[in-house]
Amino acid sequence: MAKIVTETHPKFAVVGHPNKGKSSIVSALAMDDSVQISDSPGTTTKKRSFPLKVDGRILYELFDTPGFQRARRVLAWLEQHDVSADKKHEVVQMFINEHKDDPKFNDEIELLEPILNGAGIIYVVDGSKPYGEEYEAEMEILRWTGQPSMALINHIDESDYSEEWKRALGHYFKMVRTFNPMNTSLEQHISILESMAQLKEEWIAPVKESIKLFEMYHDQMIERSSAVIAKLIVKSVSLVETLNFHGEDATEEEKSSVEENYKEKLRVLERSAQKSIEAIWNHDHLQKEQQALPLEGMDLFSEEAASVFGLTRKELLVTAAATGAATGAGVDLLFGGTTLLLGTGLGAVIGGVSAFFAFNELSEVKVLGQTLGKRYLEMGPMENRNFPYILLGRSIYHTTRVKNRSHALRGVEELIMDSAFKDRWLDEDLRKSLEKYHKKFRSGKEIEVEESAQYEVLIREVLTHLIND
Ligand SMILES: Nc1nc2c(ncn2[C@@H]2O[C@H](COP(=O)(O)OP(=O)(O)OP(=O)(O)O)[C@@H](O)[C@H]2O)c(=O)[nH]1
Ligand SMILES: [Mg+2]
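My aim in this report is to walk through the structure given alongside it, one point at a time. Please read these numbers as outputs of a predicted model, since none were measured by experiment. (Residues numbered from 1 in each chain as written. Chains lettered and ligands numbered in written order. Predicted model: local features only at pLDDT ≥ 70, side-chain atom pairs only at ≥ 80, totals over all residues. Heavy atoms only, no water.)

1. Structural notes on the sheet that holds strand β10 (residues 376-379)
Here is step 1: Within the open sheet, the three strands sit side by side as β7-β10-β9. Their pairing is antiparallel. The outermost strands of the open sheet, each flanked by one partner alone, are β7 (241-244) and β9 (365-368). Mean inter-strand twist for the sheet, computed between neighbouring axes without regard to direction, equals 25°.
Here is step 2: Both β7 and β10 contribute to a ladder of four bridges, which runs antiparallel. Directly across from Glu-241, in β10, lies its bridge partner Met-379.
Here is step 3: Lying on the sheet, helix α9 (residues 252-280) is in contact with β7, β9 and β10; it crosses β7 at an angle near 150°. (Pairing = 2+ DSSP bridges. Helix = DSSP H or I, 4+ residues; strand = E, 2+ residues; numbered from the N terminus. Axes fitted to C-alpha atoms, helices over the stretch in contact; angles between N-to-C directions. Contact = heavy atoms within 4.5 Å.)

2. Describing the pattern of salt bridges
A side chain with one charge can pair with a side chain of the opposite charge if their charged atoms come near.
Here is step 1: Counting across every chain of the model gives 26 salt bridges.
Here is step 2: Arg-401 is the salt-bridge partner of Glu-413, the closest N and O atoms lying 2.7 Å from each other. One end of the pair, Glu-413, is in strand β11 (residues 413-415); the other, Arg-401, is in helix α15 (residues 387-404), and twelve residues separate them in sequence.
Here is step 3: With a relative accessible area of 10%, Glu-413 lands in the buried category.
Here is step 4: Note on Arg-401: relative accessible area 25%, which makes it partly exposed.
Here is step 5: It is possible to trace a salt-bridge network through shared partners that takes in Lys-47, Lys-100, Glu-110 and Glu-113. (Salt bridge = Lys/Arg side-chain N within 4 Å of Asp/Glu carboxyl O. Buried < 20%, exposed > 50% of the residue type's maximum accessible area, 1.4 Å probe, protein only.)

3. Let's talk about the site of ligand 1
Here is step 1: Residues in close proximity to ligand 1 total 21 residues, the closest being Ser-23, Ser-24, Gly-42, Thr-43 and Asn-154.
Here is step 2: Its residues placed into classes, the shell around ligand 1 shows six nonpolar, twelve polar and three charged. (Near = heavy atom within 4 Å. Nonpolar A, V, L, I, M, F, W, Y, C, P; charged D, E, K, R; others polar.)

4. Some details on empty space enclosed by the protein
Here is step 1: Across all of its chains, the model carries two cavities of 30 Å³ or more by this definition.
Here is step 2: Looking at the largest cavity, it is lined by 13 residues, and the ones nearest its centre are Met-31, Thr-184, Ser-185, Leu-186 and Lys-403.
Here is step 3: Where the lining of the largest cavity is concerned, the elements lending two or more residues are α7 (186-197), α8 (201-238) and α15. (1 Å grid on protein atoms, 1.4 Å probe; cavity = no way out; pocket = protein on both sides within 12 Å on 5 of 7 lines; lining within 4 Å. Points joined across faces, edges and corners; volume = space filled by probe spheres on them.)

5. Describing the side chain of His-189
Here is step 1: Mapped onto the fold, His-189 is located in helix α7.
Here is step 2: On the basis of relative accessibility, which here comes to 6%, the residue His-189 falls in the buried class.
Here is step 3: Engagement of the side chain of His-189 in a polar contact is seen with the backbone oxygen of Leu-29, the distance being 3.3 Å.
Here is step 4: Beyond its immediate sequence surroundings of up to four residues, His-189 is in contact with Ala-28, Leu-29, Met-31, Tyr-60 and Phe-214. (Polar contact = N/O pair within 3.5 Å; in protein donor to acceptor, adjacent residues only side chain to side chain.)

6. With respect to a negative patch on the surface
Here is step 1: A cluster of like negative charges, contributed by Glu-194, Glu-215, Asp-219 and Glu-223, occupies part of the molecular surface.
Here is step 2: Broken down by element, the negative patch gets its largest block of residues, three residues, from α8.
Here is step 3: The residue Glu-215 is located in helix α8 in this model.
Here is step 4: Overall, the relative accessible area of 36% leaves Glu-215 in the partly exposed class. (Patch = residues over 30% accessible without salt bridge, like charges linked within 9 Å, V, L, I, M, F, W, Y side chains within 5 Å. Areas by Shrake-Rupley, 256 points an atom, 1.4 Å probe, with all protein chains shown as cover. Lys, Arg positive; Asp, Glu negative; His and termini not counted. Charge placed at Lys NZ, Arg CZ, Asp CG, Glu CD.)

7. Remarks on the environment of Ile-416
Here is step 1: Inspection of the secondary structure puts Ile-416 in the loop between β11 and α16 (420-425).
Here is step 2: For Ile-416, a relative accessible area of 55% corresponds to the exposed category.
Here is step 3: Note: C-alpha distance between Ile-416 and Glu-289 (127 residues apart in sequence) is 8.1 Å.
Here is step 4: If we ignore the near neighbours within four places in the chain, the residues touching Ile-416 are Tyr-397 and Arg-401.

8. A few points about the pairing of strand β5 (residues 149-154)
Here is step 1: Counting buried positions along β5 gives six out of six residues, so the element sits mostly inside the fold.
Here is step 2: Here β5 shows two buried faces, one formed by Ser-149, Ala-151 and Ile-153 and the other by Met-150, Leu-152 and Asn-154.
Here is step 3: Sheet analysis places strand β4 (residues 120-126) next to β5, joined by six bridges and oriented parallel. Each bridged residue has a counterpart across the sheet, and for Asp-126 the counterpart in β5 is Asn-154.
Here is step 4: What joins β4 to β5 is helix α5 (residues 134-145), and the crossover it makes is right-handed.
Here is step 5: As paired elements, β5 and strand β6 (residues 175-178) share four bridges and run parallel to each other. Looking across to β6, one finds that Leu-152 is bridged to Arg-177. (Right-handed = clockwise from strand over helix to strand, strands pointing away.)

9. A closer look at the coordination of the magnesium ion (ligand 2)
Here is step 1: Donor atoms from the polypeptide that bind the magnesium ion (ligand 2) are Ser-23 (OG) and Thr-44 (OG1), placed at 2.0 Å. Here Ser-23, found in helix α1 (residues 22-30), pairs with Thr-44, found in the loop between α1 and β2 (48-54); they are 21 residues apart in sequence, far enough to count as distant. The burial state of Ser-23 is the same as that of Thr-44; both residues are buried. (Donors = N, O, S within 2.8 Å, 3.2 Å for Na, K, Ca; no water.)

10. Here's the deal with the sheet that holds β2
Here is step 1: Spatially, the six strands line up as an open sheet ordered β2-β3-β1-β4-β5-β6, and their pairing is mixed. At either margin of the open sheet sits one strand with a lone partner, and together these are β2 and β6. Pairwise comparison of adjacent strand axes, ignoring direction, gives a mean angle of 25° for this sheet.
Here is step 2: Against the sheet, α1 contacts β1 (11-16), β2, β3 (57-64), β4 and β5, and its axis sits at roughly 175° relative to β3.
Here is step 3: Its contacts with the sheet place helix α4 (residues 106-116) against β1, β3 and β4, and it is angled at close to 150° to β1.

11. Comments concerning the nonpolar core
Considering soluble globular proteins, one finds that nonpolar side chains tend to be buried as a cluster.
Here is step 1: Core analysis: the largest hydrophobic core is formed by 80 residues, its most contacted members being Leu-62 and Trp-425.
Here is step 2: Element by element, the count of residues in this core is highest for α8, at 15 residues.
Here is step 3: Setting aside anything within four residues of it in sequence, one finds Leu-62 in contact with Phe-12, Val-14, Val-26, Leu-29, Ala-30, Arg-48, Ser-49, Phe-50, Ile-122 and Met-196.
Here is step 4: Formed by 34 residues, the second largest nonpolar core is a distinct cluster that contains Phe-63, Trp-77, Leu-112 and Phe-173. (Core = buried A, V, L, I, M, F, W, Y, C linked by side-chain atoms within 4.5 Å.)

This is the structure we're talking about:
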């Protein structure tokens, strides 16, 4: 016999005056960037359910609803049909039944229906506008439904009338909280959920359970993001692009074609990793603006790339020495260079050293194959020592920005990293730990599952640290 699964997850209807940020709050709390939000009143015209799902299980469900339009008229009707307190919700149901086909009350019916079906009430007001009596009819109607309720004060603008709002709301709601849907954090999110749990005794256990799952979900999202980033670095650094050619020697076009394909694949890898991370954090509709991935010799080795994404010239040299990249003539060149870092011939020496260690090129285009007709061009794995740090810095930055972005925002996200960001995630010890793996990834040797798992753990630690900071 099929088991009947009863839906016990908590449900809340987000209601209030038009244009007060109801949909923004739904969007933030349901972590859904598809909610319709705009600055013109009357954007939401139908109720719509936004469940927050984890592994197919609904943690809680929010209803976005249109704003009240004719609250006084509805209240007048209810009062004409006044009954004892235990029956008031039935009168509200009668109102809905009698006015179902009346377009005048469409908005009220849409917003009252989920409440009469058992949803708790979240009443949203704009604390940057003064309180006014016109809200009293709305709050009275909500009281008639008999459903547990709380008020959220949102601030759309700078001004602050929250004191007068708190006094007024306190007469109608057991719980009054302030919430900014545009700037959410895990703590704020959980704290609102905790308030929701307090509204009704029977809800305490299920909402607490949802909070526990929600916290696990959050850790899971960090874990999944780290896995995506680790894979991106492994794939990019070990990427090899080949192109068969015929004849004695490859043409210049063939050489630049293999180089272009190689670079394009690196760009595609980064783009698709970013898409996956946006999907993990439920930001599938994100529009962003960002600097292009540096792939030319000069920009890979520029001071700017180094200070924003990766290693400075000096750090590159030290990395080379620490990882044993510098041998023989290289060591002389390296230490000669370090001493000369203070001198004036700096540019030339650094230029020589970086060319020697292939710091400024991605990788050479090599001609391979013995037999005529079976020869091919090859580019990769990545030789540039700075590249994995550049890619890693960009990925970590992108992830923290996506993670911190409220689902209620609709504008373009500008991903402009400043040089201070590098110091927030990369230090000497981490660089040493990472370099060991980067060296392996660019060796062209097979990468063990365990190695990439350990690398992923390093990235997870960085992300966790940055995110919980
Ligand atoms: N700066 C800022 N803007 C906000 C905030 N909350 C909402 N807004 C903006 O206010 C406008 C209205 O927000 P919505 O969430 O669409 O409001 P609503 O109550 O659902 O509106 P209707 O569906 O028309 O009743 C949008 O332009 C939002 O971007 C806030 O906390 N800060
Ligand atoms: Mg709306």
